[in-house]
Amino acid sequence: MAERTSTGLLTMMLEPTPAVAMTLPAEVREKLAELELELSEGDITQKGYEKKRSKLLAPYIPQIQGVDPSLQIDNRIQASPQAVLPGSKLNKSRAANTRDERFRSDLHTEAVQAALAKYKERKMPMPSKRRSVLVQSSVEACTPPDTSSASEDEGSLRRQGRLTTSTPYQGHGHPAVEHWFNRVIQGSSTSSSASSTSSHPGGRSITNTTAHAALNANAAATALADLMAHTQLGVPVNSRVSNKIQQLLNTLKRPKRPPLREFFVDDFEELLDVQQPDPNQPKPEGQQMSPLEGEPLGVVTNWPPSLPAALQRWGTTHPKSPCLTALDNAGKSVYTLTYGKLWTRSQKLAYTLLNKLSTRNEPLLVPGDRVALVFPNNDPVMFMVAFYGCLLAELVPVPIEVPLTRKDAGSQQIGFLLGSCGVTLALTTDACQKGLPKAQTGEVVTFKGWPRLLWFVTDGKHVVKPPKDWHPPIREASNEIAYIEYKTSKEGSTMGITVSHSVMLAHCHALTQACCYTEAETITNVLDFKREAGLWHGVLTSVMNRMHVISIPYSLMKVNPLSWIQKVHTYKARVAVVKSRDMHWSLLAQRDQRDISLSSLRMLIVADGANPWSISSCDAFLNVFQARGLRPEVICPCASSSEAMTVAIRRPPEMGVPPPGKAVLSMGGLSHSVIRVDTEEKLSVLTVQDVGQVMPGALICVVRVEGTPYLCQTDEVGEICVSSGSTGLAYYGLPGMTKNIFETIPITLSGVPISDRPFTRTSLLGFVGPDSLVFVVGKMDGLMVVSGRRHNADDVVATALAVEPMKFVYRGR
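Positions within a chain are numbered from 1, following the residues in the order the chain's sequence is written. Two thresholds apply to this predicted model, a pLDDT of at least 70 for residue-level local features and 80 or more for giving and counting side-chain atom pairs, whereas whole-chain, interface and lining totals are computed over all residues. Where side-chain values are given, they derive from all heavy atoms of the structure, hydrogens and water being excluded.

Engineer: Please explain the overall build of the protein as it appears in this structure.
Structural biologist: Working definition: helices are DSSP H or I runs of at least four residues, strands are E runs of at least two. Numbering for both runs from the N terminus. Scanning the protein from N- to C-terminus turns up 26 helices and 27 strands. A burial count over the protein gives 51% of its 813 residues as buried. Contact between two residues is taken to exist if any of their heavy atoms lie within 4.5 Å; hydrogens are not considered. Across the protein, every contact between residues at least 6 apart in sequence was considered, and the portion connecting residues at least 24 apart equals 74%. When a residue's accessible area, from a 1.4 Å probe over protein chains only, is under 20% of the maximum for its type it is buried; when over 50% it is exposed; and in between it is partly exposed.

Dropping the structure here:
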């Protein structure tokens, strides 16, 4: 390694003689340019490039006489160490060959020592990663000792122009290296060679003509451009440059990519600049809003003290009244659960859970324990029995979805919820249990992220009849947890919302008053009966009022989108609970069914009426089915959230409420959280429908989205907050998030709290319009802030549904 370094330093200090500087043939110049281009583009390695270049330039390298033959390359070309290319493969192989006797001569040893001594006195250029060998050979062999090199990290070319005198080799009569370099690279013609010779009489040394610049890894293009421009050298160069050399120049002149950290710094500065508020943006101009209160919650003389008490009443006094009808995938009724059957089967399950399940002679469950309910969406009967069986046993049901696979990502989050709730038992049906993945022992596998569970099948043969002296405890509604409803956030995490017995009873009371529910009414439920509106209307409030529910499974809707309309016609249903998607699907299939009538409906509850696109589905549905008995005032959109439950709902016409309202709002104003009424003729507007009035007994307000929950102005969009006895209590096991969502204290602009009661954030963005109607324009989960302007993901969906795809949406975009 020492020999190689010494020899390399010696050859770098030697320069070619002016006598043999000659013009390269055109084909050689072309090949050199091709090699340079291949090296710059990475098509050839540095080692391969050096090998090919050495072969091309070997016959044209200037020779020096009077040098020890042991230092010559070969017999054909007698070149001194001055003419040896520092990057050539031959030089490296000779230096590495320790058995070569020629390198053991005294002259060689003295030359190496002199080179090392001189190397300590001069400042040599630092090696770089990417460097053209052609430029490297010429520059390193011809650069005077005072040349300095730039740092590669700086990525710039620093020149130090100094006039020096060459003392060590002045007696050799050196040529202008720029002249020789231009002749080798450019291949100047005979006339240009003569002109170049005449411009440098006497063959002046390079140190008397100009100062040199040091090249770093990315300065090869700059060096070529400087030499071709000859502004500093004063050397006339032929302007006819081949296309390949020009292509090489363009390739080398590409700017170097800045370090990764510079990207982040620049982007951060740009973001700071973009987030500056626009002085011309619209701002709210209205007065500070006042909290809006719903009508008082009425007092019912014979209202049951709790939901289990209502089940006991109807199960004993009206045992044959239909409670729930289940349909198969063909739309046929497979089973009708009566209130008497619901009461007796729930008692059996409650007794079995408390007395027949034990581990080591100790009961497996005690009142207050959480139990998972794992039931498919096409079996509402078994779910209802399990839910009320847990309520009678004073257990806390946690309804969840059926896990699809062992490593299902969604079920992993459900498993985290079950683990945090301390669930050890899961209730399911025999058919569902058989469909779950099994281990080699035949037992249900432990799903990824789930706690270890004991699975219990709730079918009739697995439960026992309680003794005649055993009766479930029927208590008044208290603040104890009744059930836990899961919610999935936009990040994918699953949280459990606790609902107490008193909240459950108050919510049923409020829904009964708002919807004017009466006993023995028939309701068609298309929603998921395990959570949200499907659970509130189809499982809880229906039992409170002894209603008959026709449950439409989702699998049936896929096969027959008109099935819910057919059941409304068949059972003369008074109420239907649907989503806007169900109305949209029925429009596509309504031509196949003509003999139907919707005149029996007094209330069509649109559960997702808060979505901006629901208005188009409602209008289109009314236009088609108004001829089949559907009245316009029957359509009742509502707004709800898992935390606040039902927030607002449009009342049925018999309550004498104001007519429904629509708002045509400017999208530009909404992006700045400002309400500006516009006209429907424009494309940049959003038309929304009201979601009715505030729920009975509730107090709502609208607060600003970010920062301190200040009350919004009347023409400002904010997050709707609710304070009532019928909202969720907390996120189970998450006190920090509970305080932020369920214990918000809105304050006025002067800093005074508006009430001593805590409010629950609904995650609904909206405002209160005329006639005390509530309008929702988006959700917090879908909020997107771009350049300081707020947009909502629901608006994107609404826009896509509003335009004609054939005209505005093109393939591939």
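Engineer: Explanation requested: a positive patch on the surface in the structure shown.
Structural biologist: Candidates for patches are residues over 30% relative accessible area with no salt bridge; among them, like charges are joined within 9 Å and nonpolar side chains (Val, Leu, Ile, Met, Phe, Trp, Tyr) within 5 Å. Accessible surface area values rest on a Shrake-Rupley calculation with a 1.4 Å probe, where residue burial reflects the displayed protein chains alone. Between Lys or Arg on one side and Asp or Glu on the other, a salt bridge is scored when a side-chain nitrogen of the former is within 4 Å of a carboxyl oxygen of the latter. Charged residues are defined narrowly, with Lys and Arg counted positive, Asp and Glu counted negative, and His plus the chain ends left uncounted. For charged residues, the charge sits on one atom: NZ in Lys, CZ in Arg, CG in Asp, CD in Glu. Together, K47, K51, K52 and K55 make up a region of like positive charge exposed at the surface. Looking at the element boundaries, K55 is found in helix α3 (residues 46-57). K55 gets classed as exposed once you look at its relative accessible area, which sits at 61%.

Engineer: Which parts of the structure should I look at to understand helix α17 (residues 501-515)?
Structural biologist: Given 3.6 residues per helical turn, the α-helix brings residues three or four places apart onto the same face. Between its terminal C-alpha atoms α17 stretches 21 Å, which fits the 21 Å expected from 15 residues at 1.5 Å a residue. C516 sits one or two residues past α17 and shows a positive phi near 55°. By this rule, a helix spans an expected 1.5 Å times one less than how many residues it contains.

Engineer: How do you make sense of the sheet that holds strand β22 (residues 718-723) when you look at a structure like this?
Structural biologist: The strands making up a sheet are joined through hydrogen bonds of the backbone, oriented either antiparallel or parallel. Pairing between strands requires that DSSP locate at least two bridges from one strand to the other. Read from one edge of the open sheet, 5 strands run β1-β21-β22-β24-β25, paired in antiparallel fashion. This sheet does not close on itself; its edge strands, each paired only once, are β1 (292-293) and β25 (774-779). As paired elements, strand β21 (residues 699-703) and β22 share 5 bridges and run antiparallel to each other. Looking at the pairing, C701 lines up with C721 of β22.

Engineer: Would you take a moment to explain the nonpolar core for this structure?
Structural biologist: Considering soluble globular proteins, one finds that nonpolar side chains tend to be buried as a cluster. We define a nonpolar core as any set of buried Ala, Val, Leu, Ile, Met, Phe, Trp, Tyr and Cys residues linked to one another through side-chain atoms lying within 4.5 Å. Counting 99 residues, the largest nonpolar core has L353, Y388, L427, Y483 and L540 as the members making the most contacts within it. At 11 residues, the largest contribution of residues to this core is made by helix α14 (residues 380-392). Discounting chain neighbours no more than four positions away, the residues touching L353 are L365, C390, L395, L425, L427 and F456.

Engineer: It is not clear to me how the packing of helix α12 (residues 307-317) against helix α13 (residues 339-355) should be interpreted in this structure. Could you clarify?
Structural biologist: Between two packed helices, both the angle of their axes relative to each other and the distance between the axes serve to describe the pair. In this analysis, axes come from line fits to C-alpha atoms, helices being fitted only over the stretch in contact, and the angle between any two N-to-C directions falls in the range 0 to 180 degrees. Taken N-terminus to C-terminus, the directions of α12 and α13 make an angle of 120°; their axes are 7 Å apart at the nearest point. Here α13 runs oblique to α12, going by the angle between their axes. Two packed elements cross with a definite hand, and for α12 against α13 that hand is left-handed. The segment α12 lies against α13, with L311, Q312, W314, G315 and T316 engaging Y339, G340, L342, W343 and S346. Each residue gets one of three labels, nonpolar for Ala, Val, Leu, Ile, Met, Phe, Trp, Tyr, Cys and Pro, charged for Asp, Glu, Lys and Arg, and polar for the others, Gly among them. Tallied by class, the residues present in the contact of α12 with α13 amount to 5 nonpolar, 5 polar and no charged. Oblique is the label for every angle not falling under 35 degrees (roughly parallel), over 145 degrees (roughly antiparallel), or within 65 to 115 degrees (roughly perpendicular). Helix crossings are classified by the rotation of the near helix relative to the far one: an anticlockwise turn of less than a right angle makes the crossing left-handed, while a clockwise turn makes it right-handed.

Engineer: Can you help me understand a nonpolar patch on the surface in this one?
Structural biologist: Where nonpolar side chains cluster on the molecular surface, the patch consists of M784, V786 and V796 and spans about 250 Å² of accessible area. As for its position among the elements, V796 is in helix α25 (residues 793-802).

Engineer: Would you mind going over the pairing of strand β7 (residues 396-400) with me for this structure?
Structural biologist: Side-chain direction in a regular strand flips from residue to residue, so the side chains alternate between the two faces of the sheet. Within β7, 5 of the 5 residues are buried, which leaves the element mostly enclosed by the surrounding structure. Burial along β7 is two-sided: the face carrying V396, V398 and I400 and the face carrying P397 and P399 are both buried. Whether a crossover is right-handed comes down to one check: with the strands pointing away from the viewer, does the path from the first strand over the helix to the second run clockwise; if it does, it is right-handed. Traced from strand β6 (residues 370-374) through α14 to β7, the parallel crossover comes out right-handed.

Engineer: Even after reading the chapter, I still don't get the state of the cysteines, so can you show me in this structure?
Structural biologist: In a disulfide, the sulfur atoms of two cysteines are covalently bonded to one another. By disulfide we mean two sulfur atoms from cysteines, separated by a distance within 2.5 Å. The final tally for this structure, using the stated rule, is 0 disulfides. Left without a disulfide partner, C636 is nearest to the cysteine sulfur of C515, which lies 7.7 Å away. Among the residues examined, C636 registers a relative accessible area of 0% and is labelled buried.

Engineer: Teacher, can you tell me more about the pattern of salt bridges here?
Structural biologist: As a working rule, side chains carrying opposite charge can pair if their charged atoms are close by. Under the definition given, this model contains 19 salt bridges. D430 is paired through a salt bridge with K434; the nearest N and O atoms lie 3.3 Å apart. Within this pair, D430 and its partner K434 are both found in helix α16 (residues 430-435), separated by 4 residues, close to a single helical turn. The partner of R574 in a salt bridge is E521, with the nearest N and O atoms 3.9 Å apart. One end of the pair, R574, is in the loop between α20 (563-571) and β14 (575-578); the other, E521, is in the loop between α17 and β12 (522-525), and 53 residues separate them in sequence. When salt bridges with common partners are traced through the structure, they connect E285, R676 and D715 into a single cluster.

Engineer: Mind showing me how you'd approach the packing of aromatic side chains here?
Structural biologist: The geometry of an aromatic ring pair is captured by the separation of the ring centres together with the interplanar angle, meaning the angle of the planes. Here is the rule: rings of Phe, Tyr and Trp (six-membered ring for Trp) pair when centre to centre is within 6.5 Å. Planes less than 30 degrees apart are stacked, more than 60 are edge-to-face, and the remainder are tilted. Taken as a whole and judged by the stated rule, the model has 13 aromatic pairs. Ring centres of W450 and W455 lie 6.5 Å apart, and the angle between their planes is 15°; on these two criteria the pair is classed as stacked. On the accessibility criterion, W450 (8% relative accessible area) is buried. The ring of Y486 has R531 sitting right over it, with the charged end atom 4.6 Å from the ring centre. We call a charge positioned over a ring when the NZ of a Lys or the CZ of an Arg lies within 6 Å of the ring centre and within 35 degrees of the ring normal.

Engineer: So what exactly am I meant to see when it comes to unusual backbone geometry here?
Structural biologist: Among all residues save glycine, negative phi is the norm, and among peptide bonds the norm is trans. Positioned with a positive phi, E532 is a non-glycine residue whose angle comes to about 55°. With respect to the secondary-structure elements, E532 resides in helix α18 (residues 532-544). Positive phi is not limited to glycine here, since M645 has a value of about 60°. Relative to the helices and strands, M645 is located in strand β17 (residues 645-649).

Engineer: Can you walk me through the pairing of β14 in this structure?
Structural biologist: In β14, alternate side chains face the same way, and those of V575 and V577 on one face and A576 and V578 on the other are all buried. For β12 and β14, the ladder comprises 3 bridges, and the chain directions are parallel. Bridged to T524 within β14 is A576.

Engineer: Quick question: what am I supposed to make of the sheet that holds strand β23 (residues 730-731) here?
Structural biologist: Sheet architecture is open: 3 strands sit in the order β10-β11-β23, paired in antiparallel fashion. The open sheet has two edge strands with one neighbour each: β10 (481-488) and β23. Where β10 and strand β11 (residues 494-500) come together, 7 bridges link them in antiparallel fashion. Counted as the bridge partner of I481 is S500 from β11.

Engineer: Explanation requested: the side chain of S763 in the structure shown.
Structural biologist: Along the chain, S763 turns up in strand β24 (residues 760-768). Since its relative accessible area comes to 17%, S763 is described here as buried. Once residues lying within four places of it in the same chain are set aside, the contact partners of S763 are E719, G778, K779 and M780.

Engineer: What am I meant to see in the side chain of T522 here?
Structural biologist: Relative to the helices and strands, T522 is located in strand β12. By relative accessible area, T522 is classed as buried at 13%. Residues in contact with T522, not counting those within four places in the same chain, are H548, I550, Y571, A573, R574 and V575.

Engineer: Is there a simple way to think about the environment of I400 in this case?
Structural biologist: Examined against the element boundaries, I400 turns out to sit in strand β7. Those residues in contact with I400, other than ones at most four positions away along the chain, are A372, L373, V374, F375, I414, L418, W450, Y486 and K530.

Engineer: Sorry, what's going on with α14 here?
Structural biologist: Taking 1.5 Å per residue as the helical rise, α14 with its 13 residues ought to reach 18 Å, and the 18 Å between its terminal C-alpha atoms agrees with that figure. Buried residues dominate α14, accounting for 13 of its 13 residues.

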